[in-house]
Amino acid sequence: MMLSSTLQKEINIQQLKEIDTEIDIKSLVSSASRVIAPLGPISTFAARHPWVGLEDLKFEDVANWLKNIRNVEIYPSTSMILSAKNRGEIDEGFLEIGLQHWLNSHSLKIPREEAERYCRFSLNLDAMSANPLSSLEVKNFIEDSKKRNIELYESIPRQPLSMKIEPKDGRNLTEVLDHHVIKWCKLYLDDSQAGWSIPKHEDGFYRTWQSLIQHDPSLRKNQRKMFRNWPQDAETALEVVLSAFKIPRSEIQDYLESHLLSLPGWAGMMLWRSQQSQQEQSLLMEYLAVRVSMEWVLVNPYLPLHNSFEKKVQFDSLIKAWVQYGGLTIEKWLGMSTEQQKEYLSFAYTFNEKIQKKLWLEAWEQTYTDQLKQRILAKQQVNNVTNRALAQFAFCIDVRSETFRRYLEKAGPFETIGVAGFFGLPIEIRELDCKHTHSSLPVMQKARHRIEERVDTNELKQYQQRKRALESVAYTFKKMKQNTVPSLLLPEVSGPWLMIQTLGRSFLPRKAGHFIRNFRDSWLRKPETNLTLHSARNNISEISLGFSEEEQVNYVRQTLKMMGLTTNFAPLIVICGHGSQSTNNPYAASLDCGACGGASGAFNARVLANLCNLPEVRNALLMDGIEIPAETVFVAAEHNTTVNELKWIYVPKLSRLAQESFDHIEEVLPNVSHQANAECLSQLPTIGTYCKNPKAEAHRIAEDWSEIRPEWGLARNAAFIIGKRELTHHCDLEGRVFLHNYDWEQDHNGEILANIIAGPGTVAQWINLQYYASTVAPHFYGSGNKGTQTITSGLGVMQGVASDLLTGLPWQSVMKSDEEAYHAPLRLQIVIQAPREFVKRLLENDDVFKQKVQNGWVRLACVTPHYEWENY
């Protein structure tokens, strides 16, 4: 191994050889990756739980750790709590209960009465003393503490060495390091956005960087010289630098975690890429090798550094808090023993702002749970007469479906069902004449089948010709823009056409969007397609084309049982996929299915409806006791949540009764859409409480390319209810609840409930915590203001030209204004309608879910068949 002379001065070669045998860098990198979440491209936006790798720890411990290591606060801010309190969303009775529980769980060494008085006053967010301590009083308290040699220390987590150095220009070295790393990440990860790709890209990230870093003009000559003869592989480079920094073996993982948290977006993208292909499986280690190597060059002139992992606690604020909240006087203070004074200060240090916010958050959550409980149980009515529904609609569990379902059920004898929006089909899809496939299932699952659209050869050729004509225009425009000489001619060539589009999009967005879409559709004239539902007998690939007959029956049976739809079939059953509509929106995919990487559920709905109509499938189901009447027909539609409309995508020949149902649905849908739009639009800050024409306004927002908030998405989501529709049928849940049908009487072994928790339950939790994180820590887990975002490398967004790759939701998705949050950051409340034994069995058999509940990542409640509510 060849090392630069500079590096040789810092490292003992024999010591390095010894470390080589002791350190498993690959395992340490893998373990360190728990602090970040894999981040896919924004075009396939998927809800990401940012702390999924930390669920073996308690939520409050992760909150403390993040505060200490990155100064990231993941409890709601004081202003958010005050706002919720003023809106009546927090019952302070629950706050008192939480306080008493906290006091009971701690061994108090000061009088209980004084502890309670101190805590209650410190929890009063409005209580600020009108007469703050004078500097003389503070000085007297502190001088007395010093005389008695009272000292308290708090630990400091391991931080990158670059964070400990403040150069003369005032910039932290970590900021300089981040700037370099961002530049190399952008160059390497570019997804065909740049006109020229980085040289030697095929060699991998580390080797590409290693071959080019010596020519980087942003480094000084002596810095570039340090990279001569640098290790050729990433693993060795990490070992070399960690040895040079003298990082103990026991602290290496902590050190790597700190580096990953410096740019969790770019690191998350590297982690995601490493999970997608065998060729890039070491990409995260390469990223760390590049980052730590760059840190070595920047930090080297300042070595050696003194590392301290604890600091003395300042008494000033603790003493002020006791005087302000606990009524402590200087006379009483001087009358205490040294040990007593230390106990008082330790108590104030323990009952800090994090604990106070924790108690407020739990009171906020418990208040919502109590209100949800009262809303549900107050509406229960005994009704033994069940009228057959004219039609049944299966909707995605998405919280936005709740509003539409509520108005649809009021419009006629319709029954709505909640189920995971991919309808239990583990498929990837290839649309007509598309070169690439894309997964249409939750991102935590793998596709096992590929479904393609196909047509007659002559129709396909004609369609391809029309499609190529449109694509050639876009391709030519892109190539002219990326090349020097043609780009000079581009304004003259494209200017008049783009000006017309700009004026239309700006002043008549709804009409312009409608015209452009109709023009494209009329030009393409996509023919009616068939689906490859039946697999070839000789198909032996990992992902099969279509389904075998047995698989068709299994998937239909499984989905019908998940929906609780095995009897009492209506003449018409509508499988409703979920999609959205917006223009000029980098986060368009985030408004589609939150689980399926921004894929609409429409294709899956069409596949399931086709399968359910197959005679051979129905005959096989009959053997299992599931009899679908001959008059029952399955159709497919897409629920567009931005404009609250149903678009029919598959309507086969209907029976007489099914046709009557279809006609009735067509008659009531306009009014359902009107009511749902009116409710949803009234919640947007730009619209207000009244809108004269909700349909027109919804379409305008969807087509307006300057609209930064086309819809609220899943903001304010707070609960996931698993039970019969009768449990919530009469309730206005305000579009805040994921609804999944579940009939415990058809789930004797608990398998259906276990699958709901493992699949849709996990998805709902991920969505919930992504919204939570983007609200409480927008600077770290959100993505800032849409108006100042920059789309970079075809992957995601940054703020400005050199920031982290932003991982979460934009400001406009969670905030009403700069001062007021719209999303209520509450951890997901899961409610299961089933006997207590079912929930007990679930917790005993599912260690992962049990861990989520015990460590505070989700909250759990049970509604028994007798409508008794029990919190866990």
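Only a predicted model underlies this, so the values are computations on that prediction, with no experimental measurement involved.

Draft legend 1. Here's a closer look at the overall build of the protein. For the protein, the helix and strand inventory stands at 32 helices and 19 strands. A burial count over the protein gives 53% of its 872 residues as buried. Counted over contacts in the protein with a minimum sequence separation of 6, partners at least 24 positions apart contribute 74%. Within the structure as shown, the protein displays about 40,500 Å² of accessible surface, and the carbon and sulfur contribution to it stands at 51%.

Draft legend 2. Representation of the packing of helix α7 (residues 112–123) against helix α18 (residues 338–350) in the model. The N-to-C vectors of α7 and α18 enclose an angle of 35°; their axes lie 11 Å apart at closest approach. The element α7 and its partner α18 pack so that their crossing is right-handed. Contact with α7, carried on its side by E114, A115, Y118 and C119, involves Y344, F347 and A348 of α18 and no other residues of that element. Partitioned by chemical class, the residues of the contact of α7 with α18 number 6 nonpolar, no polar and 1 charged.

Draft legend 3. Spatial organisation of the packing of helix α9 (residues 173–189) against helix α14 (residues 264–276). Viewed as axis vectors pointing N to C, α9 and α14 meet at an angle of 35°, and their least axial separation amounts to 11 Å. When you trace α9 past α14, the crossing you get is left-handed. Contacts between α9 and α14 pair I182, C185, K186, Y188 and L189 from the former with W266, M269, M270 and R273 from the latter. Its residues assigned to classes, the contact of α9 with α14 comprises 7 nonpolar, no polar and 2 charged.

Draft legend 4. View of the nonpolar core. One finds W51, Y287, F347 and F351 to be the most contacted residues of the largest nonpolar core, which totals 131 residues. Considering every element that reaches this core, the biggest residue donor is helix α15 (residues 283–299), with 13 residues. Beyond its immediate chain neighbours, meaning those up to four positions away, W51 contacts F59, V62, L66, I74, L769, Y772, A773, Y781 and W857. By size, the runner-up hydrophobic cluster in this structure holds 88 residues, among which are I42, V607, L714 and L860.

Draft legend 5. Inspection of helix α10 (residues 205–212) at higher detail. The element α10 is largely enclosed, with a buried count of 6 among its 8 residues. Those residues of α10 lying buried are F205, Y206, T208, W209, Q210 and L212. Packing partners of the buried residues in α10 comprise α9, α12 (234–244), α14 and α15.

Draft legend 6. Representation of the environment of F121 in the model. Considering the arrangement of structural elements, one finds F121 in helix α7. What makes F121 partly exposed here is its relative accessible area of 41%. Sequence separation between F121 and G326 is 205 residues; the distance between their C-alpha atoms is 7.6 Å.

Draft legend 7. Structural detail: the packing of aromatic side chains. This model, assessed by the stated rule, comprises 30 aromatic pairs. For the pair W102 and F351, a centre-to-centre distance of 5.0 Å together with 65° between the ring planes defines the contact as edge-to-face. Taken as a pair, W102 in helix α6 (residues 92–104) and F351 in the loop between α18 and α19 (353–377) lie far apart in primary sequence, 249 residues in all. As far as burial versus exposure is concerned, W102 and F351 are alike and both buried. Centre to centre, the rings of F347 and F351 are 6.4 Å apart; their planes meet at 5°, and the pair counts as stacked. With respect to burial, F347 and F351 carry one shared label: buried. What links up through ring pairs into an aromatic cluster is the set W51, F59, Y75, Y772, F780, Y781 and W857. The ring of Y822 carries R716 above its face, with NZ or CZ at 5.8 Å from the centroid.

Draft legend 8. Quick peek at the sheet that holds strand β17 (residues 829–833). Reading across the sheet, the 5 strands line up as β14-β13-β17-β18-β19 and stay open at both edges, with mixed pairing between neighbours. Each edge of the sheet is formed by a strand with only one pairing partner; in this case those strands are β14 (737–741) and β19 (869–871). Here the average twist between neighbouring strands, direction ignored, is 15°. Those strands touched by helix α29 (residues 751–776) are β13 (719–723), β14 and β17, and its axis lies near 165° from that of β13. The strands touched by helix α31 (residues 836–845) within the sheet are β17, β18 (859–863) and β19, with β18 carrying the most contacts at an inclination of about 150°.

Draft legend 9. Here's a closer look at the side chain of E55. Among the secondary structure elements, E55 is positioned in the loop between α3 (25–32) and α4 (59–70). Take E55: its relative accessible area is 5%, and that puts it in the buried class. At 2.8 Å, the side chain of E55 forms a polar contact with the side chain of Q765. Here K852 takes part through its side chain, which lies 3.0 Å from a polar atom of the side chain of E55. Aside from chain neighbours lying at most four places away, what touches E55 is H49, Q765, Q851, K852, N855 and W857.

Draft legend 10. Summary view of the pairing of β18. Of all 5 residues in β18, 5 are buried, a share of seventy percent or more. Covered by surrounding structure in β18 are R859, A861 and V863 together with L860 and C862, the residues of both alternating faces. Of the strand pairs in this sheet, β17 and β18 are connected by 5 bridges, and their pairing is parallel. In the strand pairing of β18, I832 is matched with C862. Where β18 lies against β19, 3 bridges are found, and the strand directions are antiparallel.

Draft legend 11. Highlighting the pattern of salt bridges. Evaluation of the coordinates by the stated rule reveals 39 salt bridges. Two residues, E92 and K85, come together in a salt bridge whose shortest N-O distance is 3.8 Å. Take E92: its relative accessible area is 42%, and that puts it in the partly exposed class. A salt bridge links R375 to E734, with the shortest nitrogen-to-oxygen separation between them at 3.7 Å. In this pair, R375 sits in helix α19 while E734 sits in the loop between β13 and β14, placing the two residues 359 residues apart along the sequence. Note on E734: relative accessible area 38%, which makes it partly exposed. Residues participating in the shared-partner salt-bridge network are E96, R112, E116 and R120.

Draft legend 12. Structural context of the sheet that holds strand β11 (residues 633–640). The strand order across the open sheet built from 5 strands is β4-β3-β10-β11-β12, with neighbouring strands paired in mixed fashion. Of all strands in the sheet, those bounded by a partner on one side alone are β4 (414–419) and β12 (645–650). The sheet shows a mean angle of 30° between the axes of neighbouring strands, direction not considered. Where strand β3 (residues 391–396) and β4 come together, 6 bridges link them in parallel fashion. Of the residues in β4, the one forming a bridge with A394 is I417.

Draft legend 13. Expanded view of α9. The end-to-end C-alpha distance of α9, which contains 17 residues, comes to 24 Å, matching closely the 24 Å that a straight helix rising 1.5 Å per residue would cover. Regarding α9, the residues found buried are L173, T174, V176, L177, D178, H180, V181, I182, W184, C185, Y188 and L189. The inward-facing, buried residues of α9 contact α10, α13 (252–262), α14, α15 and β16 (796–799). A distance of 2.7 Å separates the backbone nitrogen of T174 from a side-chain oxygen at the start of α9, and that oxygen is part of N172.

Draft legend 14. How the structure looks around unusual backbone geometry. Look at the link from L303 to P304: it is a cis peptide, with omega at -5°. Mapped onto the secondary structure, P304 falls in the loop between α15 and β2 (310–312). Located in the positive-phi region is E734, a residue other than glycine, with phi close to 60°.

What counts and what doesn't
Residues numbered from 1 in each chain as written. Predicted model: local features only at pLDDT ≥ 70, side-chain atom pairs only at ≥ 80, totals over all residues. Heavy atoms only, no water. Helix = DSSP H or I, 4+ residues; strand = E, 2+ residues; numbered from the N terminus. Buried < 20%, exposed > 50% of the residue type's maximum accessible area, 1.4 Å probe, protein only. Contact = heavy atoms within 4.5 Å. Areas by Shrake-Rupley, 256 points an atom, 1.4 Å probe, with all protein chains shown as cover. Axes fitted to C-alpha atoms, helices over the stretch in contact; angles between N-to-C directions. Left-handed = near helix turned anticlockwise from the far one by under 90°. Nonpolar A, V, L, I, M, F, W, Y, C, P; charged D, E, K, R; others polar. Core = buried A, V, L, I, M, F, W, Y, C linked by side-chain atoms within 4.5 Å. Phe/Tyr/Trp six-rings, centres within 6.5 Å; stacked < 30°, edge-to-face > 60°. Lys NZ or Arg CZ within 6 Å of the ring centre and 35° of its normal. Pairing = 2+ DSSP bridges. Polar contact = N/O pair within 3.5 Å; in protein donor to acceptor, adjacent residues only side chain to side chain. Salt bridge = Lys/Arg side-chain N within 4 Å of Asp/Glu carboxyl O. Expected span 1.5 Å × (residues − 1).

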